[in-house]
Amino acid sequence: MGPILIFFLVFGLFVLLSSFFTVKQQTAVVIERFGKFMSIRNSGLQLKIPIIDRIAGRVNLRIQQLDVIIETKTKDNVFVKMKVSVQFKVIQEHVYEAFYKLEFPHDQITAYVFDVVRAEVPKLILDDVFERKDDIAIGVKRELNEAMMTYGYDIINTLVTDIDPDIQVKNAMNRINAADREKTAATFESEAQRIRIVAKAKAEAESKKLQGQGIADQRREIARGLVESVEVLNNVGINSQEASALIVITQHYDTLQAIGADTNSNLILLPNSPQAASDMLNNMVTSFAASNMIGEQMKKQPKRIKQKEDKSSMDYNPSDTSNPENES
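To keep things clear, this report deals only with the structure shown in the data block.

A look at the overall build of the chain
Piece 1. Looking only at helices and strands, the chain has nine helices and eight strands in total.
Piece 2. Taking all 328 residues of the chain together, the buried fraction comes to 23%.
Piece 3. Long-range pairs, those at least 24 residues apart, make up 61% of the contacts in the chain between residues at least 6 apart in sequence.
Piece 4. Accessible surface computed for the chain: about 23400 Å², of which carbon and sulfur atoms make up 56%.

Considerations on the sheet that holds strand β3 (residues 36–41)
Two strands in a sheet stick together by hydrogen bonds in their backbones, pointing the same way (parallel) or opposite ways (antiparallel).
Piece 1. A sheet is described by the order of its strands in space; here three strands give the open sequence β3-β2-β5, paired in antiparallel fashion. With partners counted over all chains shown, the strands left at the sheet margins are β3 and β5 (53–60), one partner each. Taking each pair of neighbouring strands and ignoring which way they run, the sheet shows an average axis angle of 30°.
Piece 2. In this structure, strand β2 (residues 27–33) lies alongside β3, joined through five bridges in antiparallel fashion. Pairing of Val 30 across the sheet is with Ile 40, part of β3.

A short note on helix α5 (residues 133–148)
Piece 1. A rise of 1.5 Å per residue sets the reference length of α5, with its 16 residues, at 22 Å; its end C-alpha atoms lie 22 Å apart and thus fit the reference within 8%.
Piece 2. Buried within α5 we find Ile 136, Ala 137, Gly 139, Val 140, Leu 144, Ala 147 and Met 148. Along the long axis of α5, the arc covered by the buried residues comes to 160°, so they all point the same way. Those residues of α5 that are exposed and aimed more than 90 degrees away from the buried face are Asp 134, Ile 138 and Glu 146.

Considerations on the sheet that holds strand β7 (residues 79–90)
Piece 1. Across the sheet, three strands lie side by side as β6-β7-β8; this open sheet has antiparallel pairing. Each edge of the open sheet carries a strand with a single partner, namely β6 (64–73) and β8 (153–165). Along the sheet, successive strands turn relative to each other by an average axial angle of 20°, direction set aside.
Piece 2. Alignment of β7 against β8, held across eleven bridges, turns out to be antiparallel. Paired with Lys 81 across the two strands is Asp 164, which belongs to β8.
Piece 3. Docked against the sheet, helix α3 (residues 105–120) engages β6, β7 and β8, running at close to 35° with respect to β6.
Piece 4. Against the sheet, α5 touches β7 and β8, its axis set at about 145° to β8.

Here's the deal with a negative patch on the surface
Piece 1. Together, Asp 115, Glu 120, Glu 143 and Glu 146 give the surface a local cluster of negative charge.
Piece 2. Mapped onto the secondary structure, Glu 146 falls in helix α5.

Some remarks on the layout of surface pockets
Piece 1. In this structure, the largest pocket occupies an estimated 180 Å³ of space.
Piece 2. Broken down by element, the lining of the largest pocket gets its largest block of residues, three residues, from β5.

Digging into the packing of aromatic side chains
Piece 1. Per the stated rule, a full pass over the model turns up five aromatic pairs.
Piece 2. With centroids separated by 5.0 Å and ring planes inclined at 70°, the aromatic side chains of Phe 37 and Tyr 96 adopt a geometry described as edge-to-face. Residue Phe 37 is found in strand β3, and its partner Tyr 96 is found in helix α2 (residues 95–100); the two are separated by 59 residues along the sequence.
Piece 3. Taking 4.8 Å as the distance between ring centres and 40° as the angle between the ring planes, the aromatic pair formed by Tyr 96 and Tyr 100 counts as tilted. Of the two residues, Tyr 96 and Tyr 100 are both situated in helix α2; the distance of four residues between them amounts to about one turn of the helix.
Piece 4. Judged by its relative accessible area of 32%, Tyr 100 is partly exposed.
Piece 5. Within the aromatic cluster, the residues linked to one another by ring pairs are Phe 37, Tyr 96, Phe 99 and Tyr 100.

Section: the nonpolar core
Piece 1. By size, the foremost hydrophobic cluster in this structure holds 34 residues, and its most contacted members are Met 82, Val 86, Ile 109, Val 113, Val 117, Ile 136 and Leu 144.
Piece 2. Counting residues per element, the ones that place at least two in this core are β2, β6, β7, α2, α3, α4 (126–131), α5 and β8.
Piece 3. Tallying contributions element by element places β7 first for this core, with six residues.
Piece 4. Ignoring anything within four residues of it in the chain, the contact list for Ile 109 reads Leu 66, Val 86, Phe 88, Leu 144 and Met 148.

A few points about unusual backbone geometry
Piece 1. Even without being glycine, Ile 51 reaches a positive phi, approximately 70°.
Piece 2. Its place among the elements puts Ile 51 in the loop between β4 (44–47) and β5.
Piece 3. At Asn 77, a position not held by glycine, the phi torsion is positive, near 60°.
Piece 4. Tracing the backbone through its elements, the reader meets Asn 77 in the loop between β6 and β7.

So, the environment of Ser 18
Piece 1. In this structure, Ser 18 sits in helix α1 (residues 3–18).
Piece 2. Residue class for Ser 18 comes out partly exposed when judged on its relative accessible area of 25%.
Piece 3. Here the alpha-carbon distance between Ser 18 and Leu 47, two residues 29 residues apart in the chain, equals 8.7 Å.
Piece 4. Discounting chain neighbours no more than four positions away, the residues touching Ser 18 are Lys 48 and Pro 50.

Rules and cut-offs
Residues numbered from 1 in each chain as written. Predicted model: local features only at pLDDT ≥ 70, side-chain atom pairs only at ≥ 80, totals over all residues. Heavy atoms only, no water. Helix = DSSP H or I, 4+ residues; strand = E, 2+ residues; numbered from the N terminus. Buried < 20%, exposed > 50% of the residue type's maximum accessible area, 1.4 Å probe, protein only. Contact = heavy atoms within 4.5 Å. Areas by Shrake-Rupley, 256 points an atom, 1.4 Å probe, with all protein chains shown as cover. Pairing = 2+ DSSP bridges. Axes fitted to C-alpha atoms, helices over the stretch in contact; angles between N-to-C directions. Expected span 1.5 Å × (residues − 1). Arc of directions from axis to C-beta. Patch = residues over 30% accessible without salt bridge, like charges linked within 9 Å, V, L, I, M, F, W, Y side chains within 5 Å. Salt bridge = Lys/Arg side-chain N within 4 Å of Asp/Glu carboxyl O. Lys, Arg positive; Asp, Glu negative; His and termini not counted. Charge placed at Lys NZ, Arg CZ, Asp CG, Glu CD. 1 Å grid on protein atoms, 1.4 Å probe; cavity = no way out; pocket = protein on both sides within 12 Å on 5 of 7 lines; lining within 4 Å. Points joined across faces, edges and corners; volume = space filled by probe spheres on them. Phe/Tyr/Trp six-rings, centres within 6.5 Å; stacked < 30°, edge-to-face > 60°. Core = buried A, V, L, I, M, F, W, Y, C linked by side-chain atoms within 4.5 Å.

Written as C-alpha cells, this is what we have:
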C-alpha cells in the first residue's frame, strides 16, 4: 500500500466524519453554503456536505435574562438608580431574523430599556416610582415587544428589581419614616395611658364604694353590739346611763391598747392622764343626771290654759296634750 493511498484513505475518513455534527437541545444551527444561507438545523444528529457547507453559528433558544442598570431623575429632582431585568428568548420560527438582522441583541435591548425608563420615571415623584414600578415594567415590556418582535425576539417579562435613590435621600426617607412611627407610637401610648387612668379611676371609685359599704356595715354592727351590751347590763341592774358610761370607758382603754400595740404609731389621745377615764365617767354621769332632772322638772310643770285668741307659743306646755275647748 503506497503513501498516496494512505493519504486518500485518511482524507476520505476526515471528510466523512466532518459531514456529521450534532445540535444540542434548545439550540438552532445556521448552515451556509459558500457564504449564503442554506438551512437551519434543530437538535439531533445532522448531516452537511463537507467543505461546501459550513456551520455559520449557533442560536440559543432558551430563555435568557439581561440586567440593565439605569440612572435617571424623578419629577421631584431625585436621582435614582434602577435595575431592570429583561427576560427574553429567540422565537424558534424566526431564527433567521435573530441571527442575520440583529448582531448585538443585548445592546439593542439595553437601548430600548434606557429609552422607556428615562421617558417614564421623570413623570413621577420618588414615592410614585416605588408604588408604580410594575407600571414602569409593563411599559418597558410593551415597547420592547413592539421593537424586538421584528428581529425574532420574544420578551417574556420585564421586572424592576431595584430602586436605589441617593444615600442622602434614603437617610431623609428613613428619618421621615422613623418620625412617623414615633408619632404613631406616641398616639398609642397616650391612648393606653388614658385607658389606664380611666380604669384606675373606676377601680378607685368601686373601691371607695365598697369601703363605704364596709364602714356602714361596721358601724351598724357596732351599734347592734352596743344595744346588746346595754341590754345585758340592764339585766344585771345597771341603768342605761351607767351602761353607756361603762361602754365608753371600755372603748377608751381599747383605743389606748391599740395605739400601744403599734410601735410605729405617732397618734396621741387627749386627754391621756391616769384620771382621764374616771373624769370622763364622772362627766358623763353628771350629764346624764342633769338631763334626767331637767326632764322630771318639765313633767311636773303645771299646765297652762290655752286661749283661743292668743296663739303665742309661750302659752303651750310641751307636755300638755289636752284640748282647751273640752276644758271650757
